[in-house]
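Residues per chain, in single letters:
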Amino acid sequence: MEKSVDVVVVGAGVAGLVAARDLVQGGTDVRVLEARDRVGGRLLNDELPGGAPIEVGGQWVGPGQAHVMALVRELGLRTYPTHVDGEHIAEVGSSRSRYTGRIPKFNPLVLADIGQAQYRLDRIARQVAAADPWRAPHAEELDRQTFDTWLRKTARTAGGRAFFRLVTEAVFSAEPEDMSALWAAFYVGSAGGLDPLINVTGGAQQDRVVGGTQRIALELAEELGDRVVLDAPVTGIDRQSSGVRVVTSSGLTVRARRAVVAVPPPLAARIRFTPGLPGDRDQLVQRMPMGRVIKVNVAYDEPFWRHAGLSGQANSTYRPLGTVLDNTPFGGSPGVLVGFLEGRHADAGSRMHADERRAQVIHDLVGYFGPRAGHPIAYIERDWAEEEYSRGCYGAFTAPGTLTRFGPALRKPVGPLHWAGTETATRWVGYIDGAAESGHRVADEILARLT
Ligand SMILES: Cc1cc2nc3c(=O)[nH]c(=O)nc-3n(C[C@H](O)[C@H](O)[C@H](O)COP(=O)(O)OP(=O)(O)OC[C@H]3O[C@@H](n4cnc5c(N)ncnc54)[C@H](O)[C@@H]3O)c2cc1C
């Protein structure tokens with residue numbers, strides 16, 4: 001079957017759906033082609049015992065995320081705060097601390113070291129312009145080294161280095177040695193500093209969406225109606241004098257004047273482009289792997305840790321389940337702890353038998369919260385590297401030497417092809433907010449050219 005429209009959008013994640021909505025509002029005829037049998041991409045709701053929704057993909061939104069917060073309002077959705085009351089647990093090296101507020105009670109030398117390294121990271125992050133990080137002062141010097149190399153020079157104590165490894169895993173779901181120091185600085189800068197990235201209250205983990213965060217995508221798709229076509233994996237995009245011809249493996253072919261490619265960079269690289277893309281664009285996506293995460297929601301008959309004065313927030317530099325938070329749904333039942341196996345811990349977790357992985361996760365939860373954590377009523381996990389149309393999460397990052405050599409190709413249109421997706425954002429790169437920003441930007445690019 002063949003269709004003709006003004007604009008075809010590849011991918012019904014937040015980026016593609018926001019682009020499509022803006023384009024429709026701009027008076028164009030649009031089709032969104034989505035490979036999966038659902039919309040939302042890296043946003044996905046599952047169900048807890050009793051029927052409450054729970055996110056197995058992206059979930060939190062927070063202050064400073066103007067694009068996603070505007071969407072939440074416009075779509076008539078509501079947010080509620082992440083549970084934070086009580087003491088948090090932090091384990092760094094051999095010390096364990098229960099604390100309230102932002103700063104664990106650790107060896108003052110380690111705390112001072114973390115403070116000075118964070119100050120330096122925030123300072124270079126501020127110098128990295130969000131729109132073109134490759135032009136930052138010292139961009140080449142930063143891009144020539146991994147984030148790990150930079151951290152080894154900057155954090156002087158073993159505890160400080162362990163802290164930044166944990167932070168890298170929690171924020172990027174990758175290891176510091178995987179990525180360019182310039183990418184790390186750009187990412188931190190795009191969120192306004194390290195604190196906004198790692199904090200719950202006042203930061204990126206502050207709020208949740210009633211009904212589960214996938215509702216953002218579900219509501220957008222509802223508005224777009226039959227303009228969204230599911231089960232339509234795009235396999236090829238031909239550029240022709242009149243525009244594009246987009247071929248799917250489901251038998252549908254769509255001709256359009258322009259196309260938005262709103263899939264993560266490594267997946268865009270799996271689409272056959274004819275004629276082939278410029279070398280810079282291809283070299284760029286060859287150097288942008290996805291992070292790796294297994295997200296685990298463990299449900300209990302009640303949030304028992306709250307009775308013990310604990311918030312449910314726990315971090316450890318030595319447990320595979322390095323980050324845990326209270327993820328009890330709106331309504332308060334059942335009690336849920338969410339944990340993440342990230343980076344190297346996701347590599348190892350993926351290679352385990354499902355029972356072994358579950359036992360390891362529960363073991364860590366018992367280590368944090370005591371024996372009651374050993375008796376869940378449900379265990380829900382999602383390994384994002386196994387997803388054919390994500391192949392990892394939370395997002396892609398760049399290897400050293402990539403941004404300075406090929407960065408401009410990230411957003412630069414190629415004839416009628418426009419690039420969206422959270423990885424192309426200038427603010428909150430890697431987040432839902434960045435995905436929304438990229439959708440607006442790409443729709444503006446196209447509307448300016450079509451009219
Ligand atoms: C476990 C996890 C936790 C996260 N936590 C948070 C969080 O708390 N807060 C936050 O802001 N962000 C979080 N994120 C990141 C956030 O989910 C993403 O940044 C955002 O959803 C990306 O949206 P996108 O539209 O750019 O890409 P995607 O959501 O990846 O959308 C791309 C779409 O393209 C489709 N597609 C791929 N290939 C093809 C093809 N060939 N043809 C057609 N369609 C194709 C995919 O199926 C997908 O629907 C998390 C992600 C994960 C996985």
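Residues numbered from 1 in each chain as written. Predicted model: local features only at pLDDT ≥ 70, side-chain atom pairs only at ≥ 80, totals over all residues.

Focus: the site of the ligand
And then number 1: In the vicinity of the ligand, 40 residues are found, and the nearest of them are Gly 11, Gly 13, Gly 41, Gly 58 and Cys 393.
And then number 2: Secondary-structure elements contributing two or more residues to the shell around the ligand are α1 (14–25), β14 (293–300) and α16 (432–450).
And then number 3: Of the residues assigned to the shell around the ligand, the class counts are 23 nonpolar, 12 polar and 5 charged.
And then number 4: Each of domain 1 (2–42 + 214–277 + 414–450) and domain 2 (79–102 + 199–209 + 291–389) contributes no fewer than three residues to the shell around the ligand. (Near = placed C-beta within 6 Å. Helix = DSSP H or I, 4+ residues; strand = E, 2+ residues; numbered from the N terminus. Nonpolar A, V, L, I, M, F, W, Y, C, P; charged D, E, K, R; others polar. Domains from an automatic or database assignment.)

Describing the domain arrangement of the protein
And then number 1: Per the domain assignment, the segments of the protein are domain 1 (2–42 + 214–277 + 414–450), domain 2 (79–102 + 199–209 + 291–389) and domain 3 (107–194).
And then number 2: On a C-alpha basis, the centroid separation for the pair domain 1 and domain 2 is 34 Å.

Remarks on the sheet that holds strand β15 (residues 310–316)
And then number 1: A sheet is described by the order of its strands in space; here 7 strands give the open sequence β7-β6-β15-β16-β17-β14-β18, paired in mixed fashion. For this open sheet the edge positions go to β7 (95–99) and β18 (378–383), each flanked by a neighbour on one side alone. Strand-to-strand twist in this sheet, taken as the mean axis angle between neighbours without regard to direction, amounts to 15 degrees.
And then number 2: As paired elements, strand β6 (residues 87–92) and β7 share 5 bridges and run antiparallel to each other. (Pairing = 2+ DSSP bridges. Axes fitted to C-alpha atoms, helices over the stretch in contact; angles between N-to-C directions.)

Some details on helix α5 (residues 147–154)
And then number 1: For α5, the complete set of buried residues consists of Phe 147, Trp 150 and Leu 151. Down the axis of α5, the buried side of the element spans an arc of 100 degrees, and every buried residue falls inside it. (Buried ≥ 20, exposed ≤ 12 C-beta atoms within 10 Å, placed from the backbone. Arc of directions from axis to C-beta.)

Things to note about the environment of Glu 47
And then number 1: Along the chain, the position of Glu 47 falls in strand β3 (residues 45–47).
And then number 2: Judged by C-beta crowding, with 12 C-beta atoms within 10 Å, Glu 47 ranks as exposed.
And then number 3: Separated by 333 residues in the primary sequence, Glu 47 and Ile 380 have C-alpha atoms spaced 8.9 Å apart.
And then number 4: When sequence neighbours within four positions are dropped, the list of residues in contact with Glu 47 reads Pro 53 and Ile 54. (Contact = placed C-beta atoms within 7 Å.)

Details of the packing of helix α3 (residues 108–127) against helix α7 (residues 181–190)
And then number 1: Two numbers describe how α3 lies on α7: the axes approach to 8 Å, and their chain directions differ by 85 degrees. Classified by the interaxial angle, the pair formed by α3 and α7 is roughly perpendicular. Two secondary-structure elements touch here, α3 through Leu 121, Ile 124, Ala 125 and Arg 126 and α7 through Ala 185, Val 188 and Gly 189.
And then number 2: Of the residues assigned to the contact of α3 with α7, the class counts are 5 nonpolar, 1 polar and 1 charged. (Parallel < 35°, antiparallel > 145°, perpendicular 65-115°, else oblique.)

A few points about the nonpolar core
And then number 1: Of all hydrophobic cores here, the largest spans 135 residues; its most connected members are Val 10, Leu 17, Ala 19, Ala 185 and Val 246.
And then number 2: Take this core: its biggest share by element is 8 residues, from α7.
And then number 3: Apart from the residues lying within four places of it in its own chain, the contact partners of Val 10 are Gly 16, Leu 33, Val 234, Val 246, Ala 259, Val 260, Val 261, Ala 262 and Val 263. (Core = buried A, V, L, I, M, F, W, Y, C linked by C-beta atoms within 7 Å.)

A closer look at the pairing of β6
And then number 1: Of all 6 residues in β6, 5 are buried; the element is thus mostly enclosed.
And then number 2: Between the end of β6 and the start of β7, which pair antiparallel, lie 2 residues, with Gly 93 showing a positive phi angle near 60 degrees.

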